[in-house]
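Residue strings, one per chain:
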Amino acid sequence: MAKGAESEQVRELQARLRQIGYFHRSPTGFYGSITADAVSGFQKKRELPVTGSVDEATWQRLVAMTRKPTANELRPQTTNELDAPDPRCMTGRVLCISKESRTLAWMVDGKVISAMDVRFGSENTPTREGTFKVDRKEREWTSTLYDTEMPYSMFFSRGQAVHYSADFAARGYNGASHGCVNVRDKGRLAKVFDQVRVGDKVVVHW
């Protein structure tokens, strides 16, 4: 395998490299410069010829050090890696939101049911941290302050809500919210919206 390749084996390569800390994003199946750099780092550490391409020796060494990736490792729910859940997220029904990993995990009794990428407010309009509760849900909503669409809103703190953001879907982390927790995966958020109840806990933490 080398630059320019695109296959399920490349996806497996990326997932295995991610298991041991050399690849820090979701597997794509495409062998680009990021994958080549990850392979080079692995080869250098193992004192293999540093080519950035995968020969038999590199592949066998990697396979020996890793396990067969699960379906979720090959196609993760979130492009950002989930960090260890905050202790406040380990009991009950919780939207566990990490500013450090930029993820939201919908958890029930300590188990992650669904996870997704999120972004937060800017320095001028920060997303509040702490423990809250979902106080209302709106499948369709338009911000009265900013006149922006906020589908699948789950409000938790004086107007701040978890909601789908078309801007986040289009621009990614080049933008920011006005304080809300933006989600870019509309389909995944819609499913979580249907499961979350008013009164469920929301934890926003670093």
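Below is a short write-up of the structure. (Residues numbered from 1 in each chain as written. Predicted model: local features only at pLDDT ≥ 70, side-chain atom pairs only at ≥ 80, totals over all residues. Heavy atoms only, no water.)

1. Focus on the layout of surface pockets
Selection criterion: Both site types are read off a 1 Å grid over the protein atoms alone. A 1.4 Å probe that fits but cannot get out defines a cavity, while an open set with protein on both sides within 12 Å along at least five of seven lines defines a pocket; lining residues have an atom within 4 Å of a point. Grid points are joined across faces, edges and corners, and a volume is the space filled by probe spheres set on the points. Numbering of helices and strands runs from the N terminus; a helix is a DSSP stretch of H or I covering at least four residues, while a strand is a stretch of E covering at least two.
Each pocket or cavity is described by its volume, and for the largest pocket that value is around 530 Å³. Along the walls of the largest pocket sit 29 residues, with S143, Y146, T148, M150 and H163 positioned nearest its centre. The set of elements that each furnish at least two residues to the lining of the largest pocket consists of strand 7 (160–164) and helix 5 (166–171).

2. Overview of the state of the cysteines
Which entries qualify depends on this criterion: In this description, a disulfide is simply a cysteine sulfur pair whose atoms lie within 2.5 Å. Burial classes follow relative accessibility: with a 1.4 Å probe on protein chains only, a residue under 20% of its type's maximum area counts as buried, one over 50% as exposed, and anything between as partly exposed.
Applying the stated criterion to the full structure yields one disulfide. Between the sulfur atoms of C89 and its disulfide partner C96 the distance amounts to 2.1 Å. On the S-S bond that ties C89 to C96, the torsion sits near 80°, and the link is right-handed. According to the relative accessible area criterion, C89 is buried, its value standing at 0%.

3. Observations regarding the pairing of strand 2 (residues 103–108)
So the rule is basically this: A pair of strands counts as paired when DSSP detects no fewer than two bridges linking them.
For strand 2, the buried fraction is high: five of the six residues fall into the buried class. Summarising the sheet, strand 1 (residues 93–98) and strand 2 pair through six bridges and their orientation is antiparallel. Paired with C96 across the strands is A105, a residue of strand 2. As consecutive antiparallel partners, strand 1 and strand 2 are separated by four residues, and within that stretch R102 has a phi angle of approximately 55°, a positive value.

4. Things to note about the pattern of salt bridges
As a reminder, the rule being used: Any Lys or Arg side-chain nitrogen found within 4 Å of a carboxyl oxygen on Asp or Glu counts as a salt bridge.
All chains considered together, the criterion is met by 12 salt bridges. In this structure, R11 and E8 form a salt bridge, with 3.5 Å as the shortest nitrogen-oxygen distance. You can see R11 and its partner E8 sitting in helix 1 (residues 8–19), three residues apart, about one turn around the helix. The class for E8 is partly exposed, based on a relative accessible area of 46%. A salt bridge links E73 to R67, with the shortest nitrogen-to-oxygen separation between them at 2.8 Å.

5. Some remarks on the environment of F168
Let me state the cut-off plainly: In this analysis, two residues are considered to be in contact whenever any of their non-hydrogen atoms come within 4.5 Å of each other.
Residue placement: F168 occurs in helix 5. Separated by 14 residues in sequence, F168 and N182 have C-alpha atoms that sit 6.8 Å apart. With sequence-adjacent residues up to four places away left out, F168 is seen in contact with D117, V118, R119, Y173, N182, V183 and R184.

6. Digging into unusual backbone geometry
Positive phi, normally seen in glycine, also occurs at E47, with a value near 60°. Within the secondary structure layout, E47 lies in the loop between helix 2 (33–45) and helix 3 (56–65). The exposure class assigned to E47 is exposed, which follows from its relative accessible area of 75%.

7. Here's the deal with helix 2
Convention followed: Expected span of a helix, by definition, is 1.5 Å for each gap between consecutive residues, and there is one gap fewer than residues.
The terminal C-alpha atoms of helix 2, which comprises 13 residues, lie 18 Å apart, in line with the 18 Å expected from a rise of 1.5 Å per residue. Where helix 2 is concerned, the buried positions are T35, A36, A38, V39, S40, F42 and Q43. Where helix 2 is buried, its residues meet helix 1 and helix 3. Trailing helix 2 by a residue or two, E47 shows a phi angle of about 60°, which is positive.

8. Brief notes about the sheet that holds strand 7
Sheet strands line up and pair through hydrogen bonds in the backbone, either parallel or antiparallel. For clarity, the cut-off: Note on method: axes are straight lines fitted to C-alpha atoms, helices fitted across the in-contact stretch only, with angles between N-to-C directions ranging 0 to 180 degrees.
Overall, mixed pairing links the nine strands, which are arranged 4-9-1-2-3-8-7-6-5 in an open sheet. Of all the strands in the sheet, just strand 4 (130–133) and strand 5 (136–138) have a single pairing partner and so form its edges. Across the sheet, the axes of successive neighbouring strands diverge by a mean angle of 25°, strand direction being ignored. Pairing geometry for strand 6 (residues 153–157) and strand 7, over three bridges, is antiparallel.

9. Thoughts on the environment of S40
Tracing the backbone through its elements, the reader meets S40 in helix 2. Along the primary structure S40 and T51 are separated by 11 residues, whereas in three dimensions their C-alpha atoms are 6.2 Å apart. Among residues more than four places away in sequence, those in contact with S40 are V50, T51 and G52.

Purely spatial values, then, with no claim about function.
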